[in-house]
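Residues per chain are reported as follows:
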Amino acid sequence: MWARTWIRFKPFQGVEQVCSFHCLADWSIKTGQTPTDIMLAVYHTPEKMIPADKAFVVLGSTAAGTMSPVSKIVFDDKTKAVEFAEHCGGDVVDFQGALAAAKSSVLKENKMVKARQLKKGKIVEPSETDRCPVCNMFPARYPYGKCQIQIKSGKTFHFCSTQCLFAFMGKQSLYVDTPVEPFLIWVVDRNSGMWTSGRTAFYVIGSSKVFGPMGYEAFPFNSIAESSAFAAENGGTAVGYGEVSVEKIVPGWRYPPKVLKTTE
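Notes on the structure follow. (Residues numbered from 1 in each chain as written. Predicted model: local features only at pLDDT ≥ 70, side-chain atom pairs only at ≥ 80, totals over all residues. Heavy atoms only, no water.)

### Topic: unusual backbone geometry
The phi angle at M67 is positive, at roughly 70 degrees, despite the residue not being glycine. In this structure, M67 sits in the loop between β5 (56–59) and β6 (72–75). Judged by relative accessible area, which is 25%, M67 ranks as partly exposed. Even without being glycine, N136 reaches a positive phi, approximately 75 degrees. Residue position: N136 is located in the loop between α3 (95–120) and β8 (147–150). Look at N136 and you get partly exposed, because its relative accessible area is 44%. (Helix = DSSP H or I, 4+ residues; strand = E, 2+ residues; numbered from the N terminus. Buried < 20%, exposed > 50% of the residue type's maximum accessible area, 1.4 Å probe, protein only.)

### Description of the nonpolar core
Among the nonpolar cores identified, the biggest contains 29 residues, and F159 and F168 are the most heavily contacted of them. Breaking this core down by element, the ones donating at least two residues are β8, β9 (156–159), α4 (162–170), β10 (184–188), β12 (202–205) and α6 (246–249). Among the nonpolar cores identified, the runner-up in size contains 23 residues, and I38, V74, A98 and A102 belong to it. (Core = buried A, V, L, I, M, F, W, Y, C linked by side-chain atoms within 4.5 Å.)

### Digging into the packing of aromatic side chains
All told, the structure shown has 12 aromatic pairs when counted by the stated rule. Three or more aromatic residues joined by ring pairs form one cluster here, namely F157, F159, F168 and Y175. Its guanidinium or amino end placed over the ring of Y43, R4 lies 5.0 Å from that ring's centre, counting from NZ or CZ. Positioned above the aromatic ring of F157, the side-chain terminus of K155 is 4.9 Å from the ring centre. (Phe/Tyr/Trp six-rings, centres within 6.5 Å; stacked < 30°, edge-to-face > 60°. Lys NZ or Arg CZ within 6 Å of the ring centre and 35° of its normal.)

### Quick look at the sheet that holds strand β2 (residues 15–18)
With antiparallel pairing, the 4 strands of this open sheet are ordered in space as β2-β1-β3-β4. Each edge of the open sheet carries a strand with a single partner, namely β2 and β4 (45–51). Between one strand axis and the next, the sheet turns by 20 degrees as a mean value, whatever way the strands run. Contacts from helix α1 (residues 21–31) reach β1 (7–12), β2 and β3 (39–42), with the element oriented near 20 degrees to β1. (Pairing = 2+ DSSP bridges. Axes fitted to C-alpha atoms, helices over the stretch in contact; angles between N-to-C directions. Contact = heavy atoms within 4.5 Å.)

Okay, structure coming up:
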């Protein structure tokens, strides 16, 4: 679906490709790193990918953007880029110029993206009657604790806390009859209160000064810088999604032998 604006780079924190300059900028801000070995899809021949330093990018043409209202169209030839800009508008810049433009607008655009995802149902706010399948509490009552898993069928599992989310992920058979494959995972950024991807969030685990709805939590943040600052003030360690488990969140965690399973 996004082949024309696809970007690949050297894997970092489990991520190695994104759909757009917007997401590349967002990932760079999240991690505090500049991705390396970047390859860009050529807009009119998306099966062809070229090194970023060989690209010419038309910034702000009338072509639709991916994740951003300001499109960034990649060419492997400057003449073609100039011709496209003459017909469709925009300025021809190099890769660094396009990435800088994306970084300058990504935070504002993220608010628009999240509003659109909520409207389309890619993120679903818990209702007053939704219950956490792990502890049976009401996620809607915990605006900074709530998190969710969506599966491809569209069903959403709401959780009151990251402790319950990762407990569910660790041993689904305790809570549902048929294990599910998470399609989308959403958590709430501790600082802004905005939904953010659970897979690309950074978490603080091991804090003994701050607690969540279930006590010990993996507190989510949109960036490594924010999570590191929270850990420095409140104790704990800032880690990526792949480093989190309920056993690391809760000292001495043990699964109960049996729980009342949620109804599918």
